[in-house]
Amino acid sequence: MAIRKVLKYGEPSLREPSKEVHKVSRKISDLVRDLLDTMYAQNGVGLAAPQIGENVRVFVIDVSTNNEPLNPLVFINPKIIKKSGAIISNEGCLSFPEAYTNVKRYKNVMIKALNEHGKSFVMEAKDGTLLARAIQHENDHLDGILFIDHCMNRFETEEVLKKYKLPDLDVDKLIDEKELEEELNKND
């Protein structure tokens, strides 16, 4: 379909919660294709609709590597229904060109969503795989949450943002994740 412009950190719409999809219409199908085309063109692992200016609950992921065939996954109206364990993950985001920082994530997640045909499915991603982390990252976008809100070290993250001339960290958006921190402390 079309390669769309990826909104950069600082765009207010990246902080807005997205609306449910009521019908997997032609418009949603076109949006899914645009998300996939844009994600592949940017060498991304995932892309959420809000990142291209569409505040609806849709994201795509493809964690296939260079020597594997493409394996696009489509999530419409996703809900994480189970999460456990904790890991530290070094993450970036297409809305934050070149900026990476360490974040707290659940190690295992189970998600329920609709696919591009409007069929319900449940998927489990375990052991802190790229898929497990990408599901959480993209799902957060639908709630106006960004990966930096999960940062391990606020000051390191602020330096990374400064280095890439991105807006300052909004400390009011940092998420208090006692459950994850307790789990990480157990692993030390």
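Up top is the structure.
This one's a predicted model, so the numbers in the text were calculated from it and none came from an experiment. In this numbering scheme, every chain counts its residues from 1 along its sequence in written order. pLDDT decides what is reported in this predicted model: residues at 70 or higher carry local features, side-chain atom pairs at 80 or more are listed and counted, and totals for whole chains, interfaces and linings draw on all residues regardless. Excluded from the side-chain calculations are hydrogens and water; all other atoms, namely the structure's heavy atoms, are used.

Enquirer: How do you make sense of the pairing of strand S5 (residues 96-105) when you look at a structure like this?
Expert: The two faces of a sheet get side chains in turn, since along a regular strand they alternate between them. Any two strands between which DSSP finds at least two bridges are classified as paired. Runs of E in the DSSP output that reach at least two residues are strands. Runs of H or I that reach at least four are helices, and both are numbered from the N terminus. Sheet analysis places strand S4 (residues 87-93) next to S5, joined by six bridges and oriented antiparallel. Residue pairing in the sheet places Ile 88 in a bridge with Lys 104 of S5. Counted along the chain from S4 to the antiparallel partner S5, the turn is two residues long.

Enquirer: I'm lost on the packing of aromatic side chains in this one. Help?
Expert: Each aromatic ring pair is characterised by the separation of its centres together with the angle its planes make. Aromatic pairs are defined between Phe, Tyr and Trp rings, using the six-membered ring for Trp, whenever the two ring centres lie within 6.5 Å; interplanar angles under 30 degrees are classed as stacked, those over 60 as edge-to-face, and all others as tilted. Following the criterion strictly, the structure yields four aromatic pairs and no others. Both rings, one in Phe 59 and one in Phe 75, keep their centres 4.6 Å apart while their planes meet at 20°; by these two values the pair is stacked. A residue pair is termed long-range when its members are at least 10 positions apart, and Phe 59 in strand S2 (residues 58-61) and Phe 75 in strand S3 (residues 73-84) qualify at 16 residues. Since its relative accessible area comes to 0%, Phe 75 is described here as buried. Relative to Phe 121, the ring of Phe 75 lies with its centre 5.6 Å away and its plane at 55°, an arrangement referred to as tilted. Taken together, the positions of Phe 75 in strand S3 and Phe 121 in strand S7 (residues 120-125) put the pair 46 residues apart, joining distant regions of the chain. Here Phe 75 and Phe 121 have matching classes, each one buried. A 1.4 Å probe rolled over the protein chains alone gives each residue an accessible area, and that area as a share of the maximum for its type sets the label: buried under 20%, exposed over 50%, partly exposed in between.

Enquirer: How should helix H1 (residues 26-41) be read in this particular structure?
Expert: Residues that lie three or four places apart on an α-helix share one face, since the helix turns once every 3.6 residues. Every helix has an expected span of 1.5 Å times one less than the residues it contains. With 16 residues, H1 extends 22 Å from end C-alpha to end C-alpha; this agrees with the ideal 22 Å at 1.5 Å per step. Looking one or two residues past H1, Asn 43 carries a phi angle of roughly 55°, positive in sign.

Enquirer: Explain the nonpolar core to me, please; I cannot follow it from the model alone.
Expert: One recurring pattern in soluble globular proteins: nonpolar side chains tend to sit buried together. Only buried Ala, Val, Leu, Ile, Met, Phe, Trp, Tyr and Cys residues count toward a nonpolar core, and they belong to the same one when joined by side-chain atoms within 4.5 Å. Within the largest apolar cluster, 20 residues are counted, with the highest numbers of intra-cluster contacts made by Phe 59, Ile 61, Phe 75, Met 123, Leu 131 and Ile 135. Of all the secondary-structure elements, those providing two or more residues to this core are S2, S3, strand S6 (108-114), S7, helix H2 (130-141) and helix H4 (178-187). Broken down by element, the residue count for this core peaks at four residues, all from H2. It only takes one pair of heavy atoms within 4.5 Å for two residues to be counted as in contact. Setting aside residues no more than four positions away along its own chain, Phe 59 makes contact with Leu 47, Ala 48, Leu 73, Val 74, Phe 75, Pro 78, Ile 111, Ile 135, Glu 138, Asn 139 and Leu 142. Counting residues in each nonpolar core, the second largest holds 17 residues, with Leu 31, Leu 35, Val 58 and Val 60 among its members.

Enquirer: Can you walk me through the pattern of salt bridges in this structure?
Expert: Between side chains of opposite charge, a pair can form when the charged atoms approach closely. Basic side-chain nitrogens of Lys or Arg form a salt bridge, by our definition, when they fall within 4 Å of a carboxyl oxygen of Asp or Glu. Applying the stated criterion to the full structure yields 15 salt bridges. Glu 181 is the salt-bridge partner of Lys 104, the closest N and O atoms lying 3.5 Å from each other. Of this pair, Lys 104 sits in strand S5 while Glu 181 sits in helix H4, and the two are 77 residues apart along the sequence. For Asp 176, the salt bridge identified is with Lys 178, shortest N-O distance 2.8 Å. Since its relative accessible area comes to 55%, Asp 176 is described here as exposed. Exposure remark for Lys 178: the relative accessible area of 51% places this residue in the exposed category.

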